[in-house]
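A look at the structure
If you want the building blocks of each chain, they are given just below.
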Amino acid sequence: MYKLDLHTHSIGSPDGGLRLEDYQQALTSGRLDYVAITDHETIETAQSFCKQLGDLANQIIVGEEIKTTDGEIIGLYLNEAIPSGLTPRQAVAAIKSQNGIVYIPHPFETVRSGISKVALKEIIDDVDIIEVHNGRAVFGSRGDLAKIWASKYDKAGAASSDAHGARGWFKTYSSVNEAPNRDNMVEILMTAELQIGMVGLGILYPKINRLKRKFRRGNI
């Protein structure tokens, strides 16, 4: 089995904290076999890490979490960053134009920027993967509803950590029978075993990371 986490945030995200060495340790230790770096509105750090990781770069998936006019959408296997502020339909088109994979993170959540039912219904034919469990979904989780939608529309489901730091990582991931790539990812996730866990105190990382950056800039 191959363990993959398709939703993580490196130091390239304004609220992310996973460093190059964190990804390196995750992959060399066997705690994960494949991991997507899905920073907010950028793929620069993901691409930089790939260049520095040598052979391990084959186990990194370059992605981006894109803030649309109606919730967030992740693109996987991207070559170019996609700007925020697009409609969901425009964001999906931009992902598909790069032969990327459309991944819906924490759908329907109101505490975070989850896509709405109306918006998801409009793009459902072009959606590849729905996140049915998010490791940071402590408050306002809509995981059960996400599972219903994945089943109803015959979409692959995934469990991902949404880790913004190392603490609590590796508790949530998807296990698949084949090594994933751009071409087989959706198919093998249809029969994935989902490891369900929570990041625990790792839920505080986004706020802590933002405060650290403000402190370094002298804003507080």
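Here the structure is shown first, and the text comes after it.
Notes on the structure follow. Values in this document were obtained by computation on a predicted structure and should not be read as measured data.

Rules used in this analysis
- Residues numbered from 1 in each chain as written.
- Predicted model: local features only at pLDDT ≥ 70, side-chain atom pairs only at ≥ 80, totals over all residues.
- Heavy atoms only, no water.
- Buried < 20%, exposed > 50% of the residue type's maximum accessible area, 1.4 Å probe, protein only.
- Helix = DSSP H or I, 4+ residues; strand = E, 2+ residues; numbered from the N terminus.
- Pairing = 2+ DSSP bridges.
- Right-handed = clockwise from strand over helix to strand, strands pointing away.
- Contact = heavy atoms within 4.5 Å.
- Salt bridge = Lys/Arg side-chain N within 4 Å of Asp/Glu carboxyl O.
- Arc of directions from axis to C-beta.
- Axes fitted to C-alpha atoms, helices over the stretch in contact; angles between N-to-C directions.

Quick look at the pairing of strand β1 (residues 2–8)
The buried count for β1 comes to five of seven residues, which makes it a mostly enclosed element. Note: β1 against strand β8 (residues 173–176), three bridges, orientation antiparallel. Across the sheet, the residue bridging to Tyr 2 is Val 176, located in β8. Crossover connection from β1 via helix α1 (residues 20–28) to parallel strand β2 (residues 34–40): handedness right-handed.

Side note on the environment of Ile 123
Tracing the backbone shows Ile 123 in helix α4 (residues 117–123). In sequence terms Ile 123 and Arg 89 are 34 residues apart; their C-alpha atoms lie 6.2 Å from each other. Those residues within four positions of Ile 123 in sequence are excluded, and the remaining contacts are Ile 73, Pro 88, Arg 89, Val 92, Ile 104 and Ile 115.

Some thoughts on the pattern of salt bridges
Under the defined criterion, the tally for this structure stands at six salt bridges. With a closest N to O distance of 3.2 Å, Asp 22 and Arg 19 form a salt bridge. Accessibility expressed as a relative area gives 41% for Arg 19, which makes it partly exposed. Through salt bridges with shared partners, one network takes in Glu 109, Arg 112, Arg 136 and Asp 162.

Notes on helix α5 (residues 143–152)
Turning to α5, its buried residues number three or more, namely Gly 143, Ala 146, Trp 149 and Ala 150. Down the axis of α5, the buried side of the element spans an arc of 115°, and every buried residue falls inside it. Exposed side of α5, more than 90 degrees from the buried face: Asp 144, Ile 148, Ser 151 and Lys 152 are the residues found there. The elements touched by buried residues of α5 are α4 and β6 (129–134). Directly beyond the C-terminal end of α5, a positive phi value near 55° is found at Asp 154.

Focus: the side chain of Asp 39
Along the polypeptide, Asp 39 turns up in strand β2. Look past the residues within four positions of Asp 39 in its chain and what remains in contact with it is Thr 8, His 9, Ser 10, Gly 12, Ser 13, Thr 45, Ala 46, Gly 63, Glu 64 and Glu 65.

A short note on the sheet that holds strand β4 (residues 71–76)
In space, the nine strands of this open sheet follow the order β7-β6-β5-β4-β3-β2-β1-β8-β9, with mixed pairing throughout. Either end of the sheet is taken by a strand with one partner, and the two such strands are β7 (156–160) and β9 (193–195). Going across the sheet, the axis of each strand differs from the next one's by a mean of 30°, ignoring polarity. As paired strands, β4 and strand β5 (residues 101–104) are joined by three bridges and run antiparallel to one another. The residue of β5 that forms the bridge with Ile 74 is Tyr 103. In this fold α1 packs onto β1, β2 and β3 (60–68), with an angle of close to 160° to the strand it touches most, β2.

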